[in-house]
Every structure is written in C-alpha cells, then in structure tokens.
Number of protein chains: 2
Amino acid sequence: MTTVEQTLQALRDAGLKITASRRAIIETLAEMNRHVTAAELLEAVQARVPEIGKASVYRTLDVLVRLNVVQACTLGSTSTTYILTTAGHHHHLVCLVCHRTIEIDECLLDEATEAIGRKFGFLVEGHLVEVYGKCPDCMQTSPTQTT
Amino acid sequence: MTTVEQTLQALRDAGLKITASRRAIIETLAEMNRHVTAAELLEAVQARVPEIGKASVYRTLDVLVRLNVVQACTLGSTSTTYILTTAGHHHHLVCLVCHRTIEIDECLLDEATEAIGRKFGFLVEGHLVEVYGKCPDCMQTSPTQTT
DNA sequence: CTTGATGCAAACACTTTGCAACGAC
DNA sequence: GTCGTTGCAAAGTGTTTGCATCAAG
C-alpha cells in the first residue's frame, strides 16, 4: 500500500470524503516528500489542478494533522511546514547564522520520550526536536559575532 | 548580578543602548519568568510604562534573541513565545487535544546533541524539544477521537 | 552632537472564515 | 438526497516597517 493510499484510507477511516482536491494535495505531499510550507504546497498542487484554492490546502492540512498522518512543524521562523508522517521521522539542525537546516535521520530520543510520557501520564504521539547552533561554514566566517 | 543586569550588560557588550523601554521590557520578562507571547509581554510592559508600543516589544525581543539571552519558541500553534535563557533550560509536553503544556525541567538530550553536533561539525548552542501527545485528562475524555 | 531607538499607524504575510455551489457517499 | 467539501474573497491574526522625533552615549 502506497503512502498516498494509506493517507486516503486514514480519511476514509475517519468518515471523511475523498475528493479530487484532497487526493491532489495528498499526492503532491507524497511526491515532494520533504517539509513544505503551505504556500509551496499550494503552488505545487495548483500545477496539478489549477483551480484548487489555498483554503482547501489549509483545511486539508489541518485535517491530516489531526488524523496524525501529517506532521506540522515550525522551524523557528516564518511559516509552518508540513510533511507526511509516513515520510519517516527526523529532526533538524538549524544554523542560527545562515538558517541552513540539516535533517538528521536518526532519532535522538525515542526512549527518552517514552520515559517522560510515562512519568507524566502522557500518551506520547510524537516529538519535535530542533537543535540550534552554528554550521561549519558560519563558524569559519564569523567565529564571534554579536551584531 | 541579577538576570536583568546580565541582560542589560549583554546589550551594552553589543554596543546597543539601554533605553527606558528596553529596561522595562527586560524587567518584565524577568519578573514573568515563563514563556510569554509578545502580546502578553506587551500588556505587562504597558502596565508598567503605558506608552511603550508593540513595535518596541517586537524589536527588543528580536535583539535579545539575536544576543542569545532570550529564547524564542513556537509551541506548535499560534504565536511565538519568549523566555529569558537565564530562566533555565526546559522542554515541553504539549497535549494535542487540549493544548495544555507541561514543562519538563530535565533535559532529554544534552549528550545526544553534543554527539550530533560533532558529527555534522555544528557548534550546538541550544535545542528545542517539544513532545506531543495526549494528556491524562484527554485520554479519559476521548480515548479514540477522529472528528 | 551623532546615531541608534522609539511610538504610532499603516503595511505585510500567513491563516481562517462566510457563503453559495458542488459532489462523494 | 444529504451533508461534508470546495473555491473565492474578505476578514482575522500576529509581526514588521516607514518615518519623524527623541534620547543614550
């Protein structure tokens, strides 16, 4: 079963309708397979089906996030990014100077979150980790920088 | 040296001016000593010095974040929150249902981030961890929820 | 005195909502 | 046929910016 089918199934399971727009949005998300902003996604979706509106993208993303098949993530700055959870789990190293982002495939705290969850009686469904720092390039360029 | 003084000193060190507005903002932040949104901070600051405008709050927060004495954090949703880094390091458990947030004092990945940093040549200066899930109350209320 | 900082309001960017029409089930 | 969903545009948020004035250094 493909990622797209899994996601459509999640909609069905929730008693929601599979519309052409939703299908296009989900297929696009699956193809992009990376963190995308709503705007990027909208553009890509419209390349496929031009008449889809931004509201549908936002509404669909909202639904998918609630169904836990899409993860929303705010990389410190401007706008939220979205990614299918089936795309796998990963975290980010964000450079404070140039804002370059490196994806880390390995998960830092599967066990730690479990432990924390138990401690607080939380059912842990996911986690977001962002590590901030200075990337190799920027360390060379500006070893000490205040302005 | 108090938190406020440390923060003011950071401004001085950066060659920036210590104005009444900035002082009020920093003092308020120190008093609140928790994650606050720009709006909350503005309100609290205006209770102290009514004529301070929102722009000054945003601009000052921006400066303080850049000086690394305030940490900005986007708890998954609406608006960014800010906290003085001197308030200590902690993470969050966020309930996906009721959006209640629990602060976790213990750090989950001091060592892990170090290792990651070395691996990618990153100078790690901080990290943000948000664990999502369902809080005890919401687990009882809605064991399975799709709508 | 110089230059950064301020307050105000207008401008912005991103997201949400109202509504009539549409289409999945 | 019902009711969830759509696209559009307008309305909301939260944040940033332009500008003349002000005050820290």
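Structure: see above.
Another aspect to go through is the interface of chain A and chain B. Interface extent is often summarised as the accessible area lost during association of the parts. Taken together, the 37 residues of chain A in the interface contact 36 residues of chain B. Carbon and sulfur atoms supply 69% of the area buried between chain A and chain B, which totals about 3,300 Å² over both sides. On the chain A side of the interface with chain B, the three residues burying the most area are I116(A), F122(A) and Y132(A), jointly 19% of the side's total. In this structure, the connection of chain A to chain B is made through zero salt bridges. For the side of chain A that touches chain B, the element with the highest residue contribution is strand 6 (residues 123-134) of chain A, accounting for twelve residues. Alignment of strand 6 of chain A against strand 6 (residues 123-134) of chain B, held across eleven bridges, turns out to be antiparallel. Its bridge partner being in strand 6 of chain B, G126(A) is matched across the sheet by Y132(B).

Here we come to the protein's contact with DNA strand D. Around DNA strand D, the structure places 20 residues, and the nearest of them are T19(A), R22(A), S56(A), R59(A) and Y58(B). Between DNA strand D and the protein, one listed contact pairs a phosphate oxygen with a side-chain N or O atom of S21(A) at 3.1 Å. Between DNA strand D and T80(B), the relevant distance is 3.4 Å, taken from a phosphate oxygen to a main-chain nitrogen or oxygen of the residue. Looking at the surface near DNA strand D, the elements that each hand over two or more residues are helix 2 (20-32) and helix 4 (54-66) of chain A together with helix 4 (54-66) of chain B. In terms of residue count, helix 4 of chain B provides more of the surface near DNA strand D than any other element does, four residues in total. Considered class by class, the residues forming the surface near DNA strand D number seven nonpolar, six polar and seven charged.

Across the sheet, which stays open at both edges, the six strands sit in the order 5(A)-4(A)-6(A)-6(B)-4(B)-5(B) with mixed pairing between neighbours. The open sheet has two edge strands, strand 5 (101-104) of chain A together with strand 5 (101-104) of chain B, and neither has a second partner. For this sheet the average axis-to-axis angle between neighbouring strands, irrespective of direction, equals 20°. Looking at chain direction, strand 4 (residues 91-95) of chain A and strand 6 of chain A are connected through four bridges and run parallel.

Here we take up the environment of I83(B). All names here are of chain B. Its place among the elements puts I83 in strand 3 (residues 81-84). Owing to a relative accessible area of 5%, I83 belongs among the buried residues under this scheme. I83 sits 48 residues away from H35 along the chain, and the two C-alpha atoms are 4.9 Å apart. Setting aside residues up to four positions removed in sequence, I83 forms contacts with N33, R34, H35, V69, V70, Q71 and H90.

What follows deals with the protein's contact with DNA strand C. Around DNA strand C, the structure places 20 residues, and the nearest of them are Y58(A), T19(B), R22(B), S56(B) and R59(B). Taking S21(B), its side chain carries an N or O atom lying 3.2 Å from a phosphate oxygen of DNA strand C. In this structure, a base nitrogen belonging to DNA strand C sits 2.9 Å away from a side-chain N or O atom of R59(B). Where the surface near DNA strand C is concerned, the elements lending two or more residues are helix 4 of chain A together with helix 2 (20-32) and helix 4 of chain B. If one sorts the elements of the surface near DNA strand C by residue count, helix 4 of chain A sits on top with four residues. Looking at the surface near DNA strand C, its residues break down into seven nonpolar, six polar and seven charged.

Basis of the calculations
Residues numbered from 1 in each chain as written. Chains lettered and ligands numbered in written order. Predicted model: local features only at pLDDT ≥ 70, side-chain atom pairs only at ≥ 80, totals over all residues. Heavy atoms only, no water. Contact = heavy atoms within 4.5 Å. Buried area = accessible area lost by both parts, 1.4 Å probe. Salt bridge = Lys/Arg side-chain N within 4 Å of Asp/Glu carboxyl O. Helix = DSSP H or I, 4+ residues; strand = E, 2+ residues; numbered from the N terminus. Pairing = 2+ DSSP bridges. Near = heavy atom within 4 Å. Polar contact = N/O pair within 3.5 Å; in protein donor to acceptor, adjacent residues only side chain to side chain. Nonpolar A, V, L, I, M, F, W, Y, C, P; charged D, E, K, R; others polar. Axes fitted to C-alpha atoms, helices over the stretch in contact; angles between N-to-C directions. Buried < 20%, exposed > 50% of the residue type's maximum accessible area, 1.4 Å probe, protein only.

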